[in-house]
Amino acid sequence: MVDEQDRLLPIANVGRIMKQILPPSAKLSKEAKQTMQECATEFVSFVTGEASDKCHKENRKTVNGDDICWALSALGFDNYAEAIVRYLHKYREAEREKGSQNKATSSQDKDEESSEDKNGQPAQQTEAPPTPVTMGDKSVTEPS
């Protein structure tokens, strides 16, 4: 049988999230953290179970973000679903940009490795280096 603590979200993480919304002088009891730990774990399990059932009916093995959004709506958590859909869209957009940046950087590195002047010396770079840009809590590199 699974140990009770192994099925719950880590209490330190739950407490940290709870403290972020409270004033700095506020305190949290152990009981409050444990209660929220149980509730949050149950909520995650409930939504994930609904999404998993949908995937099973569709003969899929992988639950994705769209399935979670669907499950939230199906369970009546439309406000959460709308917020998660927006987050998922922004996340995928940032990942696409990061992927295209990695491809561009990779091909640029290959071009630089293969480009030599007529004396066999590396060609000098004439482009400006990429400019770092912060998007939310992620940092991406944007070409100049």
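The coordinates are above.
Below is a summary of the structure that appears in this document. As the structure is a prediction and not an experimental result, all values here were calculated from the model. (Residues numbered from 1 in each chain as written. Predicted model: local features only at pLDDT ≥ 70, side-chain atom pairs only at ≥ 80, totals over all residues. Heavy atoms only, no water.)

### Digging into the overall build of the protein
The condition that has to hold: Per the convention used, a helix needs a DSSP run of H or I reaching at least four residues, while a strand needs a run of E reaching at least two, with both numbered from the N terminus. A 1.4 Å probe rolled over the protein chains alone gives each residue an accessible area, and that area as a share of the maximum for its type sets the label: buried under 20%, exposed over 50%, partly exposed in between. Two residues form a contact once any of their heavy atoms are found within 4.5 Å. For the area figures, the Shrake-Rupley method with a 1.4 Å probe applies, and any residue is considered shielded solely by the protein chains shown.
Check the secondary structure of the protein and you find 5 helices and 2 strands. Every one of the 144 residues in the protein was classed for burial, and the buried ones make up 13%. In the protein, of all internal contacts separated by at least 6 residues, the share reaching a separation of at least 24 is 32%. Total accessible area on the protein stands at roughly 11500 Å², and carbon and sulfur atoms take up 53% of it.

### Examining the environment of Phe43
Mapped onto the secondary structure, Phe43 falls in helix H3 (residues 30-57). In contact with Phe43, not counting residues within four places along its chain, are Leu72 and Phe77.

### A short note on the pattern of salt bridges
Close approach of charged atoms allows side chains of opposite charge to pair. Short version of the rule: Should a side-chain nitrogen of Lys or Arg be within 4 Å of a carboxyl oxygen of Asp or Glu, the pair is scored as a salt bridge.
Scanning the entire structure with this criterion turns up 7 salt bridges. One salt bridge in this structure joins Glu58 and Lys54, with 3.3 Å as the shortest N-O distance. Across the pair Arg92 and Asp66 runs a salt bridge, and its minimum N-O distance is 3.3 Å. With a gap of 26 residues between them, Arg92 in helix H5 (residues 78-114) and Asp66 in helix H4 (residues 65-74) connect regions that are remote in the sequence. Residue classification places Arg92 among the partly exposed residues on the basis of a relative accessible area of 33%. Through salt bridges with shared partners, one network takes in Lys54, Glu58, Arg60 and Asp67.

### Regarding unusual backbone geometry
Phi is positive for Asn59, close to 55°, though the residue is something other than glycine. Summarising the element assignment, Asn59 is placed in the loop between H3 and H4.

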